[in-house]
Amino acid sequence: MSDFRSDTVTQPSEAMRKLMAQAEVGDDVYGDDPTVNRLQDYAAERMGTEAALYCSSGTQANLLAIMAHCQRGDEYICGQQAHNYKYEGGGAAVLGSVQPQPIENSSDGSLDLAKVAAAIKADDFHFAQTRLLSLENTIGGKVLPQAYLASLRPFVEQHKLSLHLDGARLFNAVVKSGEDERQVIAPFDSFTICLSKGLGAPVGSLLLGSEELIARATRIRKMLGGGMRQAGIIAAAGLYALENNVARLADDHANALLLAEQLASIEELDCDPSAVQTNIVYAQCRKGQSAALAGALAEQGILMSAGSPMRFVTHLNVNEQDVQQLVAAIKQFYRGR
Ligand SMILES: *Cc1c(COP(=O)(O)O)cnc(C)c1O
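Computed from a prediction, not measured in an experiment: that's the story for all the values here.

Q: Pulling in residues and values, what's your account of the overall build of the chain?
A: Scanning the chain for helices and strands turns up 14 helices and 12 strands. The C-alpha radius of gyration computed for the chain amounts to 21 Å, which stays within 12% of the reference 20 Å derived for 337 residues, consistent with globular compactness. Seen through its C-alpha atoms, the chain measures out along the principal axes to roughly 60 × 50 × 35 Å. Counting the 337 residues in the chain, one finds 52% classified as buried. Across the chain, every contact between residues at least 6 apart in sequence was considered, and the portion connecting residues at least 24 apart equals 74%. In the chain, 29 positive and 39 negative side-chain charges are present, and the distance between their average locations comes to 4 Å.

What follows is the structure, encoded as structure tokens:
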């Protein structure tokens, strides 16, 4: 069985489960859970931020950030492809009364700052008030260029915006770029990290930022039903993930590149290995048979996301041999046609 649908499918390892079983716990709503506190303190210290907050999901962490930066009737600017615009149920608008202003993403995943500037609303009572710029790194598996990141701080200061990063796969960006992790997050007022993707924890995300922002986010988290009690059981897995599973993301990137190179050699598929930077591979079925392909692979215990394009994601539960088996199964599918 191998699962290329997402890096969210990872299973907790034996070592991780052992730490979970042994975790010291308390009531985190009282701030009493020593393992949650350890995770938050470790993350904040490692990343060089004032504070961190353990959240149930990346969706929750993004929502808390948007609601902590913005008031009702404010606006955040984000990418048309942003997870916190497209894939979070419109939560910022529904629950925060914060209006998104999406901008087309450039091919490298960034938002052209001239377009962002043009979208910032003037101070006029007809308009929502633009408060926040939200970016994503990695986005579609791509790493935002360091030169672009360096240009952000003067821009948001000039326009008096706050700056948030959806860093669900931040460490994939860090490992790929080879930059210091603190450099990568330096421009941002807040950022998230998913512990439950390539890092391999079963659940949880972190929101990081200033003491003041995290205090506001903690209040909102409670309001949204996100106050958890003996959460140290799951926080222990997050701590293990951060301490042990960052550097190995390079293996996932190597497997993704290998997969892309192999897919590019299959005549019926369109895949550009040079577009693969981290652990996500996109490929197009030239004859639009992706659902049939996914069905045939599933019968052999190989799972993938059909679509146009199809998406394959590598992670700590698939290895080079699984990649080779996937490629062989795809070739066999086309031979049978
Ligand atoms: C997965 C993901 C999230 C949040 O996901 P959850 O499933 O809510 O933890 C946020 N942003 C990006 C870019 C993601 O890939």
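Q: So, the sheet that holds strand β12 (residues 310-313): which residues are in play, and what are the values?
A: With antiparallel pairing, 3 strands are arranged side by side in an open sheet as β9-β10-β12. Of all the strands in the sheet, the pair left with one neighbour each is β9 (269-270) and β12. Bridge count for strand β10 (residues 280-285) against β12 is 4 bridges, and the pairing is antiparallel. The residue bridging Val281 from the neighbouring strand is Phe312, located in β12. Docked against the sheet, helix α12 (residues 249-264) engages β9, β10 and β12, running at close to 15° with respect to β10.

Q: How would you summarise the side chain of Asn105 if you had to cite specific residues and measurements?
A: By the secondary structure assignment, Asn105 is in the loop between β4 (99-103) and α6 (113-119). Reaching out from Asn105, the side chain makes a polar contact with the backbone nitrogen of Gln81 at a distance of 2.9 Å.

Q: Talk me through the sheet that holds strand β5 (residues 129-136); I want residue IDs and the actual numbers.
A: Taken together, the 7 strands give an open sheet; going across it, the order is β2-β8-β7-β6-β5-β3-β4, and neighbouring strands pair in mixed fashion. Of all strands in the sheet, those with a lone pairing partner are β2 (51-55) and β4, marking the two edges. Each neighbouring strand pair of the sheet contributes to a mean axis angle of 20°, computed without reference to strand direction. When strand β3 (residues 74-79) meets β4, the two strands line up parallel, connected through 5 bridges. Note that in β4 the partner of Cys78 across the bridge is Pro102. Each of β5 and β6 (162-166) is contacted by helix α7 (residues 146-158), which is oriented at about 170° to β5, the strand it contacts most. Sitting on the sheet, helix α10 (residues 211-223) is in contact with β2, β7 (190-194) and β8 (205-209), with an inclination near 20° to β2.

Q: Requested: an account of the pairing of β5, with residues and values cited.
A: Most of β5 sits out of view: 6 of its 8 residues are buried. Bridge count between β3 and β5: 4 bridges; the pairing is parallel. Residue pairing for β5: Ile77 is matched across the bridge by Leu133. As paired strands, β5 and β6 are joined by 5 bridges and run parallel to one another. In the sheet register, Leu135 faces β6, and the bridge partner there is Leu165.

Q: For the site of the ligand, give the residues involved together with the corresponding values.
A: Surrounding the ligand, one finds Ser57, Gly58, Thr59, Asn62, His83, Glu88, Glu136, Asp166, Ala168, Arg169, Cys194 and Lys197. Between Lys197 and the ligand, the recorded distance is 2.5 Å, taken from a side-chain N or O atom to an oxygen atom. Across the complex, the protein chains shield 83% of the 380 Å² of accessible surface that the ligand would expose by itself. Element by element, the count of residues in the shell around the ligand is highest for helix α3 (residues 58-69), at 3 residues. Residues of the shell around the ligand, tallied by class, amount to 2 nonpolar, 5 polar and 5 charged.

Q: I'd like to hear about the UniProt feature "domain: Aromatic amino acid beta-eliminating lyase/threonine aldolase" (unreviewed entry) in the chain, residue by residue, with values.
A: Feature annotation in UniProt assigns "domain: Aromatic amino acid beta-eliminating lyase/threonine aldolase" (unreviewed entry) to the following positions: residues 3-284. For residues 3-284, the end-to-end C-alpha separation is 19 Å, with 43% helix and 17% strand making up the annotated structure.

Q: An account of the layout of surface pockets is needed here, citing residue identities and associated values.
A: Reported here for the largest pocket is a volume of approximately 750 Å³. Those elements that provide at least two residues to the lining of the largest pocket are α4 (83-86) and β10. The greatest single-element share of the lining of the largest pocket, amounting to 3 residues, is contributed by β10. The residue inventory of the lining of the largest pocket, partitioned by class, reads 9 nonpolar, 12 polar and 8 charged.

Q: Pulling in residues and values, what's your account of the packing of α3 against α10?
A: Look at α3 against α10: their axes get within 9 Å of each other, and the N-to-C directions meet at 120°. Viewed along their axes, α3 and α10 adopt a mutual orientation that is oblique. As α3 packs across α10, the resulting crossing turns out to be right-handed. On α10, the residues that touch Gln60, Leu64, Met67, Ala68 and His69 of α3 are Leu213, Arg216, Ala217, Ile220, Arg221 and Met223.

Quick notes on the rules
Residues numbered from 1 in each chain as written. Predicted model: local features only at pLDDT ≥ 70, side-chain atom pairs only at ≥ 80, totals over all residues. Heavy atoms only, no water. Helix = DSSP H or I, 4+ residues; strand = E, 2+ residues; numbered from the N terminus. Rg over C-alpha atoms; globule rule 2.2 N^0.38 Å. Buried < 20%, exposed > 50% of the residue type's maximum accessible area, 1.4 Å probe, protein only. Contact = heavy atoms within 4.5 Å. Lys, Arg positive; Asp, Glu negative; His and termini not counted. Charge placed at Lys NZ, Arg CZ, Asp CG, Glu CD. Pairing = 2+ DSSP bridges. Axes fitted to C-alpha atoms, helices over the stretch in contact; angles between N-to-C directions. Polar contact = N/O pair within 3.5 Å; in protein donor to acceptor, adjacent residues only side chain to side chain. Near = heavy atom within 4 Å. Areas by Shrake-Rupley, 256 points an atom, 1.4 Å probe, with all protein chains shown as cover. Nonpolar A, V, L, I, M, F, W, Y, C, P; charged D, E, K, R; others polar. UniProt positions renumbered as here; feature names shortened; annotations may be inferred. 1 Å grid on protein atoms, 1.4 Å probe; cavity = no way out; pocket = protein on both sides within 12 Å on 5 of 7 lines; lining within 4 Å. Points joined across faces, edges and corners; volume = space filled by probe spheres on them. Parallel < 35°, antiparallel > 145°, perpendicular 65-115°, else oblique. Left-handed = near helix turned anticlockwise from the far one by under 90°.

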